[in-house]
Amino acid sequence: MAMISILDEVVLRSSIRELAIRDVDLARVVEAYGAPPFWIREPGFPSLAYIILEQQVSLASARAAFRRLCDAARPLTPARFLKLSDIQLKQIGFSRQKTLYVRLLAEALVKEHLSLDDLHDLSDDAARKFLIALKGIGAWTADIYLLSALRRPDIWPIGDLALAVAVQEVKRLRSRPSPERLEKLSRPWRPYRAVAARLFWHAYLSKRGQNSVTISL
């Protein structure tokens, strides 16, 4: 079995230096704003539930909803989540769809139909397919989980709006790049595209005076 690469702070620092050498625009990001935060999450059910909450809403509203969820279920486990009623979850900030998605995930974990621990031994592509097979988890959710919770170094979430805006700004593009163009643009940053994403997010937040805020992570 091939060794699965994991991003740590040592690799983060060395890959930032490498990317700055390869790309003058990323070098300018580092010069202007310094190195980005590590931006990681603990792997497991709470982080995946949080990322589902972040789908298509502001980070502030998702963060507030997740805090209410953690207050309602301490500690936040699949079994404790399943004890919350639909009314409680609506008050916390769950839509009907997200209630269904996280319930299905929690039920699968409780019944041991799947284990998120299995992802640690899978390649990036296999882990992404594993997650996308779950109802309510699309490519963006899978990529953010792989990038932040599993700390895979070469994940490039082409469906992330803030990333697309940041790339447009940093690379001085005339228009916001499509997911397809984002994929093409990312090739020079392999195998550290997750680090490049952190640099672009860092620029995006710093430009808006939000450099202490976690974005999508």
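The coordinates are above.
Criteria and thresholds
- Residues numbered from 1 in each chain as written.
- Predicted model: local features only at pLDDT ≥ 70, side-chain atom pairs only at ≥ 80, totals over all residues.
- Heavy atoms only, no water.
- Helix = DSSP H or I, 4+ residues; strand = E, 2+ residues; numbered from the N terminus.
- Rg over C-alpha atoms; globule rule 2.2 N^0.38 Å.
- Buried < 20%, exposed > 50% of the residue type's maximum accessible area, 1.4 Å probe, protein only.
- Contact = heavy atoms within 4.5 Å.
- Areas by Shrake-Rupley, 256 points an atom, 1.4 Å probe, with all protein chains shown as cover.
- Expected span 1.5 Å × (residues − 1).
- Arc of directions from axis to C-beta.
- Polar contact = N/O pair within 3.5 Å; in protein donor to acceptor, adjacent residues only side chain to side chain.
- Axes fitted to C-alpha atoms, helices over the stretch in contact; angles between N-to-C directions.
- Parallel < 35°, antiparallel > 145°, perpendicular 65-115°, else oblique.
- Left-handed = near helix turned anticlockwise from the far one by under 90°.
- Nonpolar A, V, L, I, M, F, W, Y, C, P; charged D, E, K, R; others polar.
- Phe/Tyr/Trp six-rings, centres within 6.5 Å; stacked < 30°, edge-to-face > 60°.
- Lys NZ or Arg CZ within 6 Å of the ring centre and 35° of its normal.

1. Focus: the overall build of the protein chain
Here is step 1 of the chain: Per the secondary structure count, the protein chain includes 12 helices and 0 strands.
Here is step 2 of the chain: Starting at the N terminus and ending at the C terminus, the protein chain contains elements arranged as α-α-α-α-α-α-α-α-α-α-α-α.
Here is step 3 of the chain: Its C-alpha radius of gyration of 18 Å places the protein chain within 12% of the 17 Å reference for a compact globule of 217 residues.
Here is step 4 of the chain: Taken along the three principal axes of its C-alpha coordinates, the protein chain extends 50 × 45 × 30 Å.
Here is step 5 of the chain: Scored against the burial criterion, the 217 residues of the protein chain give a buried share of 47%.
Here is step 6 of the chain: Considering only contacts in the protein chain between residues 6 or more positions apart, those separated by 24 or more positions represent 67%.
Here is step 7 of the chain: Summed over all atoms, the accessible surface of the protein chain reaches about 11200 Å², with 52% contributed by carbon and sulfur.

2. Re helix α1 (residues 9-22)
Here is step 1 of the chain: If you check α1, its first and last C-alpha atoms are 20 Å apart, about what 14 residues at 1.5 Å a residue would give, namely 20 Å.
Here is step 2 of the chain: Considered for burial, the residues of α1 that qualify are Leu12, Ser15, Ile16 and Leu19. Taken end-on, α1 shows its buried residues confined to a sector of 110°, consistent with a single buried face. Residues Val10, Arg17 and Ile21 are exposed on α1 and point more than 90 degrees away from its buried face.
Here is step 3 of the chain: Its side-chain oxygen placed 3.1 Å from the backbone nitrogen of Val10, Asp8 serves as the N-cap of α1.

3. Topic: the environment of Ala164
Here is step 1 of the chain: Looking at the secondary structure, you find Ala164 in helix α10 (residues 161-171).
Here is step 2 of the chain: On the basis of relative accessible area, Ala164 is assigned to the buried category, the value being 5%.
Here is step 3 of the chain: Spatially, the C-alpha atoms of Ala164 and Thr141 are 16 Å apart, while their sequence positions differ by 23 residues.
Here is step 4 of the chain: Here Ala164 is in contact with Arg176, Pro177 and Leu182, once residues within four sequence places are set aside.

4. Focus: the side chain of Arg103
Here is step 1 of the chain: Looking at where Arg103 falls in the secondary structure, it is placed in helix α7 (residues 96-110).
Here is step 2 of the chain: Separated by 2.5 Å, the side chain of Arg103 and the backbone oxygen of Leu84 make a polar contact.
Here is step 3 of the chain: Separated by 3.0 Å, the side chains of Arg103 and Asp86 make a polar contact.
Here is step 4 of the chain: Excluding residues within four positions of it along the chain, Arg103 makes contact with Phe81, Leu82, Leu84, Ser85, Asp86 and Leu89.

5. Remarks on the packing of helix α2 (residues 24-33) against helix α12 (residues 193-207)
Here is step 1 of the chain: Taken N-terminus to C-terminus, the directions of α2 and α12 make an angle of 50°; their axes are 10 Å apart at the nearest point. What the angle tells us is that α2 and α12 run oblique. Considering the relative orientation of α2 and α12, their crossing is left-handed. Contact residues: α2 offers Leu26, Val29, Val30 and Tyr33, while α12 offers Ala196, Leu199, Phe200, His202, Ala203, Ser206 and Lys207.
Here is step 2 of the chain: Among the residues making up the contact of α2 with α12, the classes are represented as 8 nonpolar, 2 polar and 1 charged.

6. Overview of the packing of helix α3 (residues 45-53) against helix α9 (residues 139-148)
Here is step 1 of the chain: Interaxial distance between α3 and α9 falls to 10 Å at its minimum, and their mutual angle equals 140°. With respect to their mutual orientation, α3 and α9 come out oblique. In terms of crossing hand, the pair formed by α3 and α9 is right-handed. Counting all contacts with α3, which are made through Ser47, Leu48, Ile51 and Ile52, the residues of α9 involved are Trp140, Thr141, Ile144, Tyr145 and Ser148.
Here is step 2 of the chain: A per-class count over the contact of α3 with α9 returns 6 nonpolar, 3 polar and no charged.

7. Some words on the packing of aromatic side chains
Here is step 1 of the chain: What the rule picks out here adds up to 6 aromatic pairs.
Here is step 2 of the chain: Plain terms: the ring middles of Trp156 and Trp189 are 5.3 Å apart, the flat faces sit at 55° to each other, and that makes the pair tilted. Note that Trp156 is positioned in the loop between α9 and α10 and Trp189 in the loop between α11 (179-185) and α12, a separation of 33 residues in sequence.
Here is step 3 of the chain: When its relative accessible area of 3% is taken as the criterion, Trp189 is described as buried.
Here is step 4 of the chain: When the centroid spacing of 6.1 Å and the interplanar angle of 65° are considered together, the rings of Trp156 and Phe200 count as edge-to-face. Placement of Trp156 in the loop between α9 and α10 and of Phe200 in helix α12 is noted, with a sequence separation of 44 residues between them. Accessibility classification places Trp156 together with Phe200 in one group, the buried group.
Here is step 5 of the chain: Three or more aromatic residues joined by ring pairs make a cluster, and in this case those are Phe45, Phe81 and Phe94.
Here is step 6 of the chain: Lying over the aromatic face of Tyr50, Arg41 brings its terminal NZ or CZ to 4.7 Å of the ring centre.
Here is step 7 of the chain: Here Arg208 stacks its cationic end above the ring of Tyr204, 3.8 Å away from the centre of that ring.

Remember, this is a structural readout, not a statement about activity or role.
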